[in-house]
Amino acid sequence: MGRIENFGKFTFDKNAMKKKLPYPIYLKWKNAIRKEELLDKDSADIIAHAMKEWAIENGATHYCHWFQPLNGNTAKKHESFIDKSYENLPIVRFSGEELLKSEPDASSFPNGGMRSTFEARGYTYWDCTANAFIMDNILYIPSIFVSFDGISLDKKAPLLKSMDFLSKQATDLYNLFSDDKIFRVKIKVGLEQEFFLVDRELYEKRVDLINTGRTLIGEMPPKDQELLQHYFGSIPKRVMEYYNSINKKLEDLGINSKTEHNEVAPGQFEVAILYDTVNVSVDNNQIVMEVLRNTAYEHNLVCLLHEKPFKNVNGSGKHNNWSLVTNYGKNLFKLPKNDNEIDRLLFAIFMVSTISAVNKYSSLLRVSSSSVRNDLRLGGDEAPPSIISVYLGNEIENILYDILDMEVKNSVKQNDFNISNLGFTPRDTDDRNRTSPFAYTGGKFEFRMLGSMQSAADCNIVLNTIVGAELKNVLEKVQNVEDKAERVSACKNLLKEILIESERVLFSGDSYSKEWVEEAERRGLKNNRTYLDALLYAKESKEFEVLLENNILNDLELSAVYDVCIEDVKNTYMLEMKTLVNMINKDVIPSCIKELNFEINLNDRIKNVKLNERVNKLNNLLEGLFIKLDEFSDFEKENHGENEIEKVISLHKFIPKNLEEIRMISDEIESNISRENWNIPTYEEIFRALN
């Protein structure tokens, strides 16, 4: 069988369900995911039986409820299909109840203090809107994860709530103006995943990569990415073989990996997955990350998903391409081709509401798309800055102003070039701004801040909620205007007010420039330079409350999410500090002493002035390391505050600064030590190993 015939063979999607289920049961499932009726137990039993038969036919021996706890990873426990009969004989069994619910121990997952250690019960419930699939002979059942009393312990349940909330507001608002009634609005997302590949043998000699996912020390090689020879270049043979394995596995799982290429940094690559409904896209991205990691080992490689594994070369992101589509397939962010007043007004409603949402909740977006790790990437000439702005392009800005009877401000460049031998040359009316954190790219917004290692659930929960909240605001203010013409006029006036309030967030220039930082400050835009800054400010400014007000999270759940974020900051800093101290003591200092012994012995024989200077330089650097290690030791012994926030702020002020200072000393030592005495794989060796 060919690639197309095999596509999705390990996914129990709607096509497989159509084949395996009686048609009335298939319709019940469809109505359940459309929110038109609830799925009853008898139907669940029939679906479970069909799913089990399909899974066993495809080699599955076990099943698991697959869920996404608050740490952003995935979790599961395997259950065998083989059970005991009443006669104590082995039997293959899988009931509707087993499909709908499982009970993993919930006591050891991050919960932000929502539960005591002794409260162990947690439940996973089938997310019937997502596809079950088979990997490694295990049937995976996508699930939500809740406590004994129904409190969300995961990222999936809030994501589903945010989808329902946005869909309702968008549907009601659309139907208020359009005669073409719709039943729902789907949130569609396409995710691009960047990653690094390194040789496994070299990886296993670097404690920092193993423990933290990034290099805490490492001198830059003579050649890195400055010639831009890697970007979109020929894919190394070893990596191409890896890509072939990846593509086969993803195709079997029904995940369409549309694009693959070399990224800018040496050893950096990308895969881009086609659009799907947001919860399915989030699931698929988690699968992609797992397949990337697991398949790398088969090729004696290691896949690094950390946002910044190597200093001074580009880091990795996960671009989140986000759009809204009606149940009839109409893209609400796509500029209508006709001059129909209602179609143009609807386009303006959804565009302006999105711009307003970004303007009001920039710190919340910053939190949802970042981490301590991603701070190392954001703000460089490789990724969006920490100031969140929106790029529309001159033409779309003009169209919005025109729809709302505002003064058109921008000139639009007309492209009049031709390509030799082509009678038709497709053109875009605006360039693409790669420096913008939130860019309109025709029918969708590309949110470029998200870190490569993170779950895409968080930023989509926030995007869905804040845009839904802005649509709700528009709906509440115009829905009681009975006359249709007056309602259109009232909506235009309201959108005009909102756009004027939100204009400060629109920016089409170079977001990497120092001038933009100064301009953004004049505009009053918040510049949360670090993840912790954004986290603390989002709480202080009450931006988090939009999640409470719209029932995406309750007080307890929101408090837990905040506490888990704070805990992640603390754990990341402490792990990096301990790992670096370990490397300095066990690798760097012994290497430096070896080099000093060699050079001192040589200098005793030949009495070379320059060699003596070199010995003194290395000795001074070594002394600098000892001083920094003492500072680290003293810091660990100190009391850093009365509560967790004070302790984390203290870590935040001390550890990044001192990690960088000790790295500078270590890198200077590396640059003065012979290859023979330096046992840690260097950047040069790592970057060269794939070719």
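- The name given to the protein chain in an unreviewed UniProt entry is Glutamine synthetase III, with the source organism recorded as Parvimonas parva.

**Section: the environment of Ser-633**
- Secondary-structure assignment places Ser-633 in helix 21 (residues 609-637).
- Taking the relative accessible area as the measure of exposure, Ser-633 reaches 29% and is therefore partly exposed.
- For Ser-633 and Val-581, which are 52 residues apart along the polypeptide, the C-alpha to C-alpha distance reads 9.4 Å.

**Digging into helix 21**
- Taking 1.5 Å per residue as the helical rise, helix 21 with its 29 residues ought to reach 42 Å, and the 43 Å between its terminal C-alpha atoms agrees with that figure.
- Looking at helix 21, one finds that the buried residues are Leu-611, Val-615, Leu-618, Leu-621, Leu-622, Gly-624, Leu-625, Lys-628, Leu-629, Phe-632 and Phe-635.
- In this fold, the buried residues of helix 21 make contact with helix 20 (555-606) and helix 22 (644-671).
- At the N-terminal boundary of helix 21, the capping side chain belongs to Asn-608, with an oxygen 2.8 Å from the backbone nitrogen of Lys-610.

**So, the nonpolar core**
- Of all hydrophobic cores here, the largest spans 130 residues; its most connected members are Phe-177, Ile-349, Leu-392 and Ile-669.
- In terms of residue count, helix 20 provides more of this core than any other element does, 14 residues in total.
- Those residues in contact with Ile-669, other than ones at most four positions away along the chain, are Val-588, Cys-592, Leu-618, Leu-621, Leu-622, Leu-625 and Trp-678.
- One finds Phe-195, Phe-269, Val-271 and Ile-287 within the second-largest nonpolar core, a separate group that totals 28 residues.

**Structural notes on a positive patch on the surface**
- Judged by side-chain charge, Lys-14, Lys-18, Arg-34 and Lys-186 come together as a positively charged surface patch.
- Turning to its location among the elements, Arg-34 is positioned in the loop between helix 3 (23-33) and helix 4 (41-57).
- Since its relative accessible area comes to 34%, Arg-34 is described here as partly exposed.

**Some remarks on helix 3**
- Every buried residue of helix 3 is accounted for by Ile-25, Tyr-26, Trp-29, Lys-30, Asn-31 and Ala-32.
- Two residues or fewer after helix 3 comes Lys-35, characterised by a positive phi angle close to 70°.

**As for the pattern of salt bridges**
- Inspection of the entire model under this criterion finds 40 salt bridges.
- Linking Lys-155 and Asp-458 is a salt bridge whose minimum nitrogen-to-oxygen distance equals 2.9 Å. In this pair, Lys-155 is assigned in the loop between strand 9 (138-147) and helix 6 (156-177) and Asp-458 in helix 15 (residues 457-478), connecting sequence segments 303 residues apart.
- Of the charged contacts in the structure, one is a salt bridge between Lys-311 and Glu-660, with a shortest N-O distance of 2.3 Å. Placement of Lys-311 in the loop between strand 14 (301-304) and strand 15 (320-326) and of Glu-660 in helix 22 is noted, with a sequence separation of 349 residues between them.
- For Lys-311, a relative accessible area of 27% gives the class partly exposed.
- Look at the salt bridges and you will find they share partners, linking Lys-628, Glu-631, Lys-657 and Glu-661 into a network.

Quick notes on the rules
Residues numbered from 1 in each chain as written. Predicted model: local features only at pLDDT ≥ 70, side-chain atom pairs only at ≥ 80, totals over all residues. Heavy atoms only, no water. Helix = DSSP H or I, 4+ residues; strand = E, 2+ residues; numbered from the N terminus. Buried < 20%, exposed > 50% of the residue type's maximum accessible area, 1.4 Å probe, protein only. Expected span 1.5 Å × (residues − 1). Contact = heavy atoms within 4.5 Å. Polar contact = N/O pair within 3.5 Å; in protein donor to acceptor, adjacent residues only side chain to side chain. Core = buried A, V, L, I, M, F, W, Y, C linked by side-chain atoms within 4.5 Å. Patch = residues over 30% accessible without salt bridge, like charges linked within 9 Å, V, L, I, M, F, W, Y side chains within 5 Å. Areas by Shrake-Rupley, 256 points an atom, 1.4 Å probe, with all protein chains shown as cover. Salt bridge = Lys/Arg side-chain N within 4 Å of Asp/Glu carboxyl O. Lys, Arg positive; Asp, Glu negative; His and termini not counted. Charge placed at Lys NZ, Arg CZ, Asp CG, Glu CD.

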